[in-house]
Amino acid sequence: MDRDPGRQVCVRARPARRVPTGDDGKAATGPQILGPFARVAGLVASLAIACGPVPAQAIGSQTCAFPTSPSVLMAEGEPHAAGSKLLQMWEFDDAPVFASEAEPAGYEAFRRRAAAAVGDTDPLRPLRANPGRNNDLVARHAGAWVRPATCLQKLLQKAQDDRIDTFASPTEFMAFVLRSPDGARLRVYFYTANFDGIGRVGPAAEPAARDHAAGWTVLAGVHNHNFHPHDPTLNGAVGPSLPDAQFNLRFHAQTGMAEAWITNGLHTAQIPAAAFPLFEQTP
Ligand SMILES: [Zn+2]
């Protein structure tokens, strides 16, 4: 988490082929039953599968928006003030739009601000500008892992950007995306402390782990590495920091978390759990 720092929704590729879903080795049921996020499970078995968000034309008239208001589980302080905490949870029926590249209403303003602040938003640029084992690994696997941000990822980025303007004062969030035992619903925990870093992610990780124990599948841990136009070392590189990498490995061992998503709001690295051990961890 931290200042110095993703996940893949495989819908187009090989939808009919299934592989075991995770550590328990249980086979997943068919894609006709599970939602689009379920299909991502197959990726855990392979670093080689490249698959992307649902093409926009496949989602028809579905709107990229949370269908329900979140349940606020904890809130402290004024929402737009530094240091104010928020833990909230959405639960809704899974739908292809969330894994698509559909844009939330008003998101073009975020794109404009990003372009004005950093110019070229190619996700490889900041990865290569800040070489190191973790960014290098993401850059090498960019073809498989790095994609335009999905609808759901953009909704999460927007939730934080609505609290504090990303380009005025970048702040981080941590989220977990879970699938219900029957495969039909998604649950999303979102936590922030309105700081440029996330620190302890326990407030969101703990309920996600409890849900896992109750039969939910932890699809992804999501957090943002914002553009920092005035600090090239922190300018939207979607590679995990050492603490990120350590958390991913540990939380995968605890919950089977299938992927880590690191987004800058425009692009996201969606890193499969099979790759977690390859990253440099906190010593
Ligand atoms: Zn991070």
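**Some remarks on the overall build of the protein**
So, point 1. Scanning the protein from N- to C-terminus turns up eight helices and eight strands.
So, point 2. The buried share of the protein, reckoned over its 283 residues, is 48%.

**Regarding helix H2 (residues 107-118)**
So, point 1. Helix length check: H2 (twelve residues) gives 17 Å between terminal C-alpha atoms against 16 Å at 1.5 Å per residue, within 8%.
So, point 2. Turning to H2, its buried residues number three or more, namely Tyr107, Phe110, Ala114 and Val118. The buried side chains of H2 occupy one side of the element, clustering within an arc of 45° when seen end-on. Residues of H2 that are exposed and angled more than 90 degrees away from the buried face: Glu108, Ala109, Arg112, Ala115 and Ala116.

**Re the sheet that holds strand E1 (residues 71-76)**
So, point 1. The eight strands are arranged E1-E2-E5-E4-E6-E7-E8-E3 in an open sheet whose pairing can be described as mixed. The open sheet is flanked by E1 and strand E3 (146-148), the only strands paired with a single partner. Averaged over all neighbouring strand pairs, the angle between strand axes comes to 20°, with direction disregarded.

**Let's talk about the pairing of strand E2 (residues 85-93)**
Successive side chains on a regular strand alternate, one facing one side of the sheet and the next facing the other.
So, point 1. Here E1 pairs with E2 via five bridges, running antiparallel. Across the sheet, Glu76 pairs through a bridge with Lys85, a residue of E2.

**Here we look at the environment of Gln160**
So, point 1. Looking at where Gln160 falls in the secondary structure, it is placed in helix H6 (residues 151-163).
So, point 2. In sequence terms Gln160 and Phe173 are 13 residues apart; their C-alpha atoms lie 6.8 Å from each other.

Calculation criteria
- Residues numbered from 1 in each chain as written.
- Predicted model: local features only at pLDDT ≥ 70, side-chain atom pairs only at ≥ 80, totals over all residues.
- Helix = DSSP H or I, 4+ residues; strand = E, 2+ residues; numbered from the N terminus.
- Buried ≥ 20, exposed ≤ 12 C-beta atoms within 10 Å, placed from the backbone.
- Expected span 1.5 Å × (residues − 1).
- Arc of directions from axis to C-beta.
- Pairing = 2+ DSSP bridges.
- Axes fitted to C-alpha atoms, helices over the stretch in contact; angles between N-to-C directions.

Coordinates in, geometry out; function isn't part of it.
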